[in-house]
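Residue-level structural notes
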Amino acid sequence: MAVPVTTAAVASQRDAAATRSRQALSVLVVSTLAFTVCFMVWMMFGVIGIPIKKALNLNATEFGLLTATPVLTGSLVRVPLGIWTDRFGGRIVMTLLMASTVPAIFLMAYATQYWHFIAIGLFVGLAGGSFSVGTPYVARWFPKNRQGFAMGVYGAGNSGAAVNKFIAPAIVVAAGWAMVPQVYAAVMLGTVALFWLFSRSDPAHLVTSKASFREQLQALKDPRVLKYCQYYSIVFGGYVGLSLWMVQYYVGEYGLDIRVAALLAACFSLPGGVLRAIGGWLSDKYGAHSVTWWVMWVSWICLFALSYPQTDFTVLTVNGPATFHIGLNVYAFTALMAVLGVAFAFGKASVFKYIANDYPTNIGAISGIVGLAGGMGGFLLPILFGALMDLTGVRSSAFMLLYGVVWVSLIWMYFTEVRSRPVLGSAAA
């Protein structure tokens, strides 16, 4: 015998659903704000590293290590932070993580020697681990068919790299580089308070698994996880590496002022962050594979053009020697970087859509592992960029390196996915 549903019960269910929806929206908004601030702090050396490089007389490799140091810590802590988020909840883990970075950010203003910056930068880098906290925290507040979009919105906090390029140069010019970490420490402290006030927790989201870190890391034996790590080392690692490298690239290659250089570099960083939400929506609609496949091809084309160095060559003609110049001017270079930023934004969202689809009960740990791979890419790339420039004297060697890594992803994806799946609706081979 069917039990009649009363009007009061229906109204109660409707109110509960509305409350849940408001809580999910609040969590998404405040988490995205927190991640934006964390990423802004994480990318701080991309701007203040330029006057520090000049003051300490650093070469390109030393500058690369300086900018990459925070990225190392932020990468290494991603796996444990993802696991702790599964166990204890994103609200408490994110709050403690952000609060722990405030003293180190403030102390950066008082560093005077190279090793000071390296040591303090390791603690500042904890802010980069926020991605592995917020991704599973936000995803679990939304149904599966909207998780790609939700994670994409949260991932738009990557635009903190662009926010850093808008704010830090103005502070450097007005008050010197040491004022930047002081301002950022105050901003981070305020964000901690806002996050705690407006975030929510749900005990149903906790994962009660008692697996150890080593047992969780066994996921690396899964070929799919290794493949997603490779993809993410491009779309996220490349994004982080270039965000740290581009301001000084513009200054050195085109002789621009630091404020103009940072503004143009933001043409890459800004779409590379804010458009991640669109990448999440596309991944929900067309699938993670289809979006990632096209992202890799667009990246390959852009990097091919960006790799070509400024070149003068002489041709013997019937009228005598004729000299020609080939190279991207600042406008063409910036346009290609903007397109590359859009591609990376879509790719960052699509890779995590793979994870949400394949590992719905273990998002925290898997996203931590994949995030670790992407973060390690962001750590190693600036150092390699500097080493290649010191070795070859060619600034565009940075793009040559990325071009080769994208080739690896394209070949891997072709043999493991493309031969057996449709691409944007086309029939499978």
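Structural data are supplied above this passage.
Keep in mind that this is a model prediction, so the values were computed, not measured. (Residues numbered from 1 in each chain as written. Predicted model: local features only at pLDDT ≥ 70, side-chain atom pairs only at ≥ 80, totals over all residues. Heavy atoms only, no water.)

1. A word on the packing of helix H3 (residues 60-76) against helix H4 (residues 78-88)
Relative orientation of the contacting elements H3 and H4 amounts to 40°, with a least axis distance of 4 Å. Taken as axis vectors, H3 and H4 run oblique relative to one another. Touching Gly-74, Ser-75 and Leu-76 of H3 are Arg-78, Val-79 and Pro-80, all from H4. The residue makeup of the contact of H3 with H4, split by class, is three nonpolar, two polar and one charged. (Axes fitted to C-alpha atoms, helices over the stretch in contact; angles between N-to-C directions. Helix = DSSP H or I, 4+ residues; strand = E, 2+ residues; numbered from the N terminus. Parallel < 35°, antiparallel > 145°, perpendicular 65-115°, else oblique. Contact = heavy atoms within 4.5 Å. Nonpolar A, V, L, I, M, F, W, Y, C, P; charged D, E, K, R; others polar.)

2. Let's talk about the packing of aromatic side chains
Inspection of the entire model under this criterion finds 38 aromatic pairs. Relative to Tyr-254, the ring of Tyr-250 has its centre 6.1 Å away and its plane inclined at 40°; by these criteria the two rings are tilted. You can see Tyr-250 and its partner Tyr-254 sitting in helix H13 (residues 237-254), four residues apart, about one turn around the helix. Note on Tyr-250: relative accessible area 0%, which makes it buried. Here Trp-300 and Trp-407 contribute two aromatic rings whose centre-to-centre distance is 5.4 Å and whose plane-to-plane angle is 75°, an arrangement assigned as edge-to-face. Note that Trp-300 is positioned in helix H16 (residues 288-307) and Trp-407 in helix H19 (residues 397-416), a separation of 107 residues in sequence. Ring pairing ties together the aromatic residues Phe-35, Phe-39, Trp-42, Phe-131, Tyr-154, Tyr-232, Phe-236, Tyr-239, Phe-268, Phe-344 and Phe-352, which thus form one cluster. (Phe/Tyr/Trp six-rings, centres within 6.5 Å; stacked < 30°, edge-to-face > 60°. Buried < 20%, exposed > 50% of the residue type's maximum accessible area, 1.4 Å probe, protein only.)

3. With respect to the pattern of salt bridges
Going through the model one piece at a time under the given rule, you end up with four salt bridges. With a closest N to O distance of 2.8 Å, Asp-86 and Arg-140 form a salt bridge. You can see Asp-86 sitting in helix H4 and its partner Arg-140 sitting in the loop between helix H7 (130-139) and helix H8 (144-155), a full 54 residues away along the chain. Arg-140 carries the same exposure label as Asp-86, and that label is buried. (Salt bridge = Lys/Arg side-chain N within 4 Å of Asp/Glu carboxyl O.)

4. Digging into H13
Residues that lie three or four places apart on an α-helix share one face, since the helix turns once every 3.6 residues. Over its 18 residues, H13 extends 25 Å from the first C-alpha to the last, a length consistent with the 26 Å expected when each residue adds 1.5 Å. Of all the bends in H13, the largest measures some 40° and sits at Met-246. With 14 of 18 residues buried, H13 is to be regarded as a mostly interior element. Looking one or two places after H13, you find Gly-255, whose phi comes out positive at around 65°. (Expected span 1.5 Å × (residues − 1). Bend = angle between axes of the 7 residues up to and from the residue.)

5. Considering the environment of Leu-401
Within the fold, Leu-401 resides in helix H19. With relative accessibility at 24%, the residue Leu-401 sits in the partly exposed group. As a C-alpha pair, Leu-401 and Gln-182 span 219 residues in sequence and 35 Å in three-dimensional space. When near neighbours in sequence (up to four residues on either side) are disregarded, Leu-401 contacts Leu-381, Leu-384, Phe-385 and Leu-388.

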